[in-house]
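A structural walkthrough
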Amino acid sequence: MSHNIKILPGATVCEDCTLEGDITIGGGTVIHPRVTIIAEGGPIIIAEYCIIEEYSTIIHKKSDNQEVPPKPLFIGAHNVFEVGCRLESPCGHIGESNVFECRSFVGVDVKVGSGCVIGASCNLTAPQTLADNTVIWGSEHHIREALEKQPSQLLQLDFLSKVMPNYHRLRKPNVHKRPPSARQSQESSPRP
Amino acid sequence: MAYLTQPDYVKYVCSCGQLKPITSLYFCRHCLKIRCGFCICHEVDSHHCANCLENMPSSEARLKKNRCSSCFDCPSCFHTLSTRATMAAQRQAQDPAGGDAKVENKQTKKMYYLSCFNCRWTSRDVGIPDQSVASGGWPERTNPFLSRYNQLLDYYKAIAQQEKQEKLERERKKFAIRGKYITLTDKTGLTGAMARNIAGLPTSESGSSAAIASFTPSQASAEVDELPDDVYTKDVNLKQITSMSQRLASPEWQPSSVSRLHPLAKLLSIKRSQRCRVCDHNLTKPEYNPGSIKFKIELLAYYHVPEVKIISYETVKPGEKSALLLKLTNPTGHEMQIQLMQPEDLPPVEEREEPKSIEKSLEKSLNLEKDTSSYRAIERVAELGSSSRVTAPEATLTLAQRDDAAEYDDDAQQDTSDFILWRKSNKLALRLEVTTDAAATPGAPARAALALQYSYRNTVPPAPAAPQQAHHTLYTTLLLDLGVVSG
Ligand SMILES: [Zn+2]
Ligand SMILES: [Zn+2]
Ligand SMILES: [Zn+2]
Ligand SMILES: [Zn+2]
């Protein structure tokens, strides 16, 4: 698998995480240590101001009827992936301002809109589409609709991007302004 | 921990005949009997809010309808709501990409709203305006049936008053016949109502009878609103409709739409004390401070009755013998003599219907607030229904007192006896034999009943009148869960 990690300026990406495949990380996004992001079925694009916490896993799964060229998995801005959550999605798009709470699981064929909250330890496995501002919580997967989007975590992002460099080795941003075709992965040398 | 997470393998028989694990039993040091939550008196000691730990007397709690005035529960998921602060900016939307401190508005004001961390419900969802103070000030909704509610309340109060009056009258007559006590009203020939009149108290009868007379009972009506035309054709949006539990959580309004949900004032919690019904002594009494989880009195069976645990057992087969390893622990600070017995060999519980002193019964009957019928102690023999019997060795076992320091020596003394596996400070492991009835049906739960005779040293300072002996021989029966009878 080719490694093509693009980190935009302003992103805080810890060195101690597994990034595989074609991944673009937007500015202002914070990726904690021990995060796994695997783009095996196609590129993963993470927009700005996302928080991806420890032990969370985002996989763009390979599917049998793969399109050529593969469709990217686009994760919108201001998404929060809390500790230990898992997202396995081959279908294109995750909206913005969603919260994936601790140890939640979002399986394949789940389309997530914007402003959704997948509660702690909730498992979404059946094919479904979450409308905007859907909140799922509890062991019985109660569903309700929030009136407004979840408040953004700007203060938290600000704090994390200041504190993280003091305690963790970081991957340096390797893309300036517009993502060019230049492939300059830091540690993991790209294989031809 | 095992007691919290595992099923109850060993159950003790309470004096009322219930089977309970040792952790949910009490031990009355005055009756020397095991008691359980079913056969003791539960009394409310204090009311407090579990969230803000505010303490309040019961009269205040009743006035506040047993709800805290400053804490709220989520109307959507019933989790406690948290107060969150926001900076209310005047129009000027902050540029998220800028992160520039200069964009900050000068005219910000701290505003508070309620938010649920579990389901993310906020008071903004239902249009409750943000408050400028952190606690209190939340709009209260008035009960639409308030006047009817007050009417009913007055009516039932009047009825209660009347019944109380009648009961008092009856009691007075009963004791008048006995002739032992002369009440004031007997002596002076006054009736209760006249005495009340003289004393300037409200004439109970006339007041209550007026309230009863003017009361209009509710009328059932067959007329209901027509269903809307689109009731069968309109799509149901379940996200907009409240669940049954959400409606019942606020019985006054019973909102059918989620937009009508309103924060629920948090229900108060209570601290209970437990009292033995036979001797009226306290079995447990918590400390008054709501933040404390300690007890002033804590007579739990766990501290007084030998504890039996199953180490392991062989599969129980009908008509066969199997091995059973048990561990006995002496929780008391005194040496304990234990003998295993068959439940049917226990001395029968003596029926001693104590002739209660007339003073005491008078005192109880005058205490009209409490229904004395619930004070009766229940004594029953449990249906054990065990298909296996444990062969009890004849020997008396001696268990040393509990010694917390001995926990740190780990040399188990090997005993030469054929049924004692090991011995360690106040613990003892036994190898016993279980004989199962040949008629036991395979697949049925295998249970073995066992009785214990143990010596108990009472540390209650004896009452001056009745010299109590400190040493007692007590009995307890327990039921061991040995899985299922195998085929
Ligand atoms: Zn009982
Ligand atoms: Zn409170
Ligand atoms: Zn809630
Ligand atoms: Zn008692």
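Now for a look at the structure at hand. (Residues numbered from 1 in each chain as written. Chains lettered and ligands numbered in written order. Predicted model: local features only at pLDDT ≥ 70, side-chain atom pairs only at ≥ 80, totals over all residues. Heavy atoms only, no water.)

**Thoughts on the pattern of salt bridges**
Tallied over the entire structure, the rule returns 16 salt bridges over all chains. Note that D125 of chain B and R144 of chain A form a salt bridge whose closest N and O atoms lie 2.3 Å from each other. Taken together, the residues D125 of chain B in the loop between β9 (109-115) and α3 (146-178) and R144 of chain A in strand β19 (residues 142-145) connect one chain to another. A relative accessible area of 13% means that D125 of chain B is categorised as buried. For R389 of chain B, the salt bridge goes to E344 of chain B, with nearest N and O atoms at 3.1 Å. Here the residue R389 of chain B occupies a position in strand β17 (residues 388-391), and E344 of chain B occupies one in the loop between β16 (336-341) and α8 (358-366), the gap between them amounting to 45 residues. Here E344 of chain B falls in the exposed class, since its relative accessible area comes to 52%. (Salt bridge = Lys/Arg side-chain N within 4 Å of Asp/Glu carboxyl O. Helix = DSSP H or I, 4+ residues; strand = E, 2+ residues; numbered from the N terminus. Buried < 20%, exposed > 50% of the residue type's maximum accessible area, 1.4 Å probe, protein only.)

**Things to note about the coordination of the zinc ion (ligand 4)**
Residues and elements named next belong to chain B. C28 (SG), C31 (SG), C276 (SG) and C279 (SG) make up the full set of protein donors to the zinc ion (ligand 4), lying at 2.1 to 2.3 Å. Note that the zinc ion (ligand 4) binds four donor atoms; their angles at the metal cover 102 to 115°, and the shape is tetrahedral. Counting along the primary sequence, the residues that act as donors to the zinc ion (ligand 4) give the motif C-x2-C-x244-C-x2-C. Note that C31 is positioned in the loop between β3 (25-28) and β4 (33-36) and C279 in the loop between β11 (269-276) and β12 (282-286), a separation of 248 residues in sequence. Judged by relative accessible area, which is 16%, C31 ranks as buried. (Donors = N, O, S within 2.8 Å, 3.2 Å for Na, K, Ca; no water. Tetrahedral: all angles 85-135°; square planar, octahedral: opposite > 155°, others 65-115°.)

**Quick notes on the coordination of the zinc ion (ligand 3)**
Residue and element names in this part refer to chain B. Within the first shell, the zinc ion (ligand 3) binds the protein through C74 (SG), C77 (SG), C116 (SG) and C119 (SG), at distances of 2.2 to 2.3 Å. Here the zinc ion (ligand 3) binds four donor atoms, and the angle range of 101 to 117° at the metal identifies the geometry as tetrahedral. Along the chain, the residues donating to the zinc ion (ligand 3) fall in the pattern C-x2-C-x38-C-x2-C. Of this pair, C77 sits in the loop between β7 (67-73) and β8 (82-88) while C119 sits in the loop between β9 and α3, and the two are 42 residues apart along the sequence. Assigned by exposure class, C77 and C119 land together as buried.

**A closer look at the interface of chain B and chain A**
Between chain B and chain A, the residue contacts involve 12 residues of the former and 17 residues of the latter. For the pair chain B and chain A, the two sides together bury roughly 1,300 Å², of which 45% comes from carbon and sulfur. Between the two partners, chain B and chain A, sit three salt bridges. Measuring nitrogen to oxygen at the nearest pair gives 3.8 Å for the salt bridge that ties R124 of chain B to E148 of chain A. Run the count over chain B and chain A and you get six residue pairs in polar contact (both at pLDDT 80 or more). A breakdown of the residues in the side of chain B that touches chain A according to their chemical character gives five nonpolar, three polar and four charged. (Contact = heavy atoms within 4.5 Å. Buried area = accessible area lost by both parts, 1.4 Å probe. Polar contact = N/O pair within 3.5 Å; in protein donor to acceptor, adjacent residues only side chain to side chain. Nonpolar A, V, L, I, M, F, W, Y, C, P; charged D, E, K, R; others polar.)

**Structural notes on the nonpolar core**
Within soluble globular proteins, side chains that are nonpolar generally end up buried alongside one another. In terms of nonpolar packing, the biggest core is built from 43 residues, with F27, V308, L430 and L480 of chain B touching the most fellow members. If one sorts the elements of this core by residue count, strand β21 (residues 445-457) of chain B sits on top with six residues. In contact with L430 of chain B, not counting residues within four places along its chain, are L324, L325, L326, L328, L340, L397, F419, I420 and L421 of chain B. Counting 33 residues, the second largest nonpolar core, distinct from the first, contains I25, C50, C85 and C122 of chain A. (Core = buried A, V, L, I, M, F, W, Y, C linked by side-chain atoms within 4.5 Å.)

**Quick word on the environment of L267 of chain B**
Within the fold, L267 of chain B resides in strand β10 (residues 264-267). Along the sequence, L267 of chain B and Q246 of chain B sit 21 residues apart, while their C-alpha atoms lie 15 Å from each other.

**A closer look at the packing of aromatic side chains**
Per the counting criterion, the structure on display carries five aromatic pairs over all chains. On the basis of an interplanar angle of 0° and a centroid distance of 4.6 Å, the ring pair of F81 of chain A and F100 of chain A is categorised as stacked. One end of the pair, F81 of chain A, is in strand β9 (residues 80-81); the other, F100 of chain A, is in strand β12 (residues 99-100), with 19 residues separating them in the sequence. Here F100 of chain A falls in the buried class, since its relative accessible area comes to 1%. Taken together, Y155, Y156 and F215 of chain B form an aromatic cluster joined through their ring pairs. Above the face of the Y113 of chain B ring, R124 of chain B is positioned so that its terminal group lies 4.0 Å from the ring centre. (Phe/Tyr/Trp six-rings, centres within 6.5 Å; stacked < 30°, edge-to-face > 60°. Lys NZ or Arg CZ within 6 Å of the ring centre and 35° of its normal.)

Read these as geometric descriptors, not functional statements.
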